[in-house]
Amino acid sequence: MASTTHDISPPATDAHGRTHEPKPYANPYLAGIGLGLVLLAAFVFMGRGLGASGAFNSTIAWLLSLVAPGYAASNEFLARYLDVPGHPLKAWLVFEVLGVFTGAVLSGVLAGRMARTVEMGPRASVGLRLGLAFLGGFLMAFGAALGRGCTSGQALSGGALLNAGSWVFMLCFFGGAYGTAWFVRRQWR
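Here the structure is a predicted model, which is why all the values come from computation and not from measurement. (Residues numbered from 1 in each chain as written. Predicted model: local features only at pLDDT ≥ 70, side-chain atom pairs only at ≥ 80, totals over all residues. Heavy atoms only, no water.)

Time to look at the side chain of Ser 166. Within the secondary structure, Ser 166 sits in helix H8 (residues 164-184). Only 3.0 Å separates the side chain of Ser 166 from the side chain of Gln 154, close enough to count as a polar contact. Non-local contacts of Ser 166, meaning those with residues more than four positions away in its chain, are made with Gln 154, Gly 158 and Gly 159. (Helix = DSSP H or I, 4+ residues; strand = E, 2+ residues; numbered from the N terminus. Polar contact = N/O pair within 3.5 Å; in protein donor to acceptor, adjacent residues only side chain to side chain. Contact = heavy atoms within 4.5 Å.)

The structure is reproduced here in structure tokens:
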């Protein structure tokens, strides 16, 4: 049985206006193995797993400390991000997220997938697509604060350590995603 891949990325144009097709996406099984090896390397070389929300928390705590240092220092949640030796932006997760962003841009450029576009289904408007994306991002950030970690920290790092709470989180996360998909999938048809 042949499988089909639907690539909705638009053809990219180079500096001379020539159009070329983007390279196909990576094999998800090989990408998963690669992600597992990166997680293993993080534990071996850095002594901790992967995550992302801590980088944003460090950045927010630092920015707030510039505007209201007394409040930032007295806030129990923010103060722990300010206790990094040297500077809050020298935290491991800040460098990790910068590396992820840089790698994503480099990968997009090399694969010919960099374009100014909003990917959406045929029934969605740009405003609806961006609104749903920002709503989803806000819910993920709020959930990461409540859940004491983002999906990468909870599911990947916590799951790799066989933390029961991380496995419960992962099951609830996927269950919630499948439940929510029912309400928005018609936008992609």
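That was the structure; now back to the text.
All right, on to the packing of helix H2 (residues 53-67) against helix H5 (residues 92-110) then. Contact pair H2 / H5: the axes reach a minimum separation of 8 Å and the direction vectors enclose 115°. By the angle between their directions, the pair H2 and H5 is classed as roughly perpendicular. In terms of crossing hand, the pair formed by H2 and H5 is left-handed. On H5, the residues touching Gly 54, Ala 55, Phe 56 and Ser 58 of H2 are Leu 93, Val 94 and Val 97. (Axes fitted to C-alpha atoms, helices over the stretch in contact; angles between N-to-C directions. Parallel < 35°, antiparallel > 145°, perpendicular 65-115°, else oblique. Left-handed = near helix turned anticlockwise from the far one by under 90°.)

Attention now goes to unusual backbone geometry. Here the phi dihedral of Leu 162 falls at roughly 60°; this positive angle occurs in a residue that is not glycine. Relative to the elements of secondary structure, Leu 162 occurs in the loop between helix H7 (151-160) and H8. Leu 162 gets classed as exposed once you look at its relative accessible area, which sits at 66%. (Buried < 20%, exposed > 50% of the residue type's maximum accessible area, 1.4 Å probe, protein only.)

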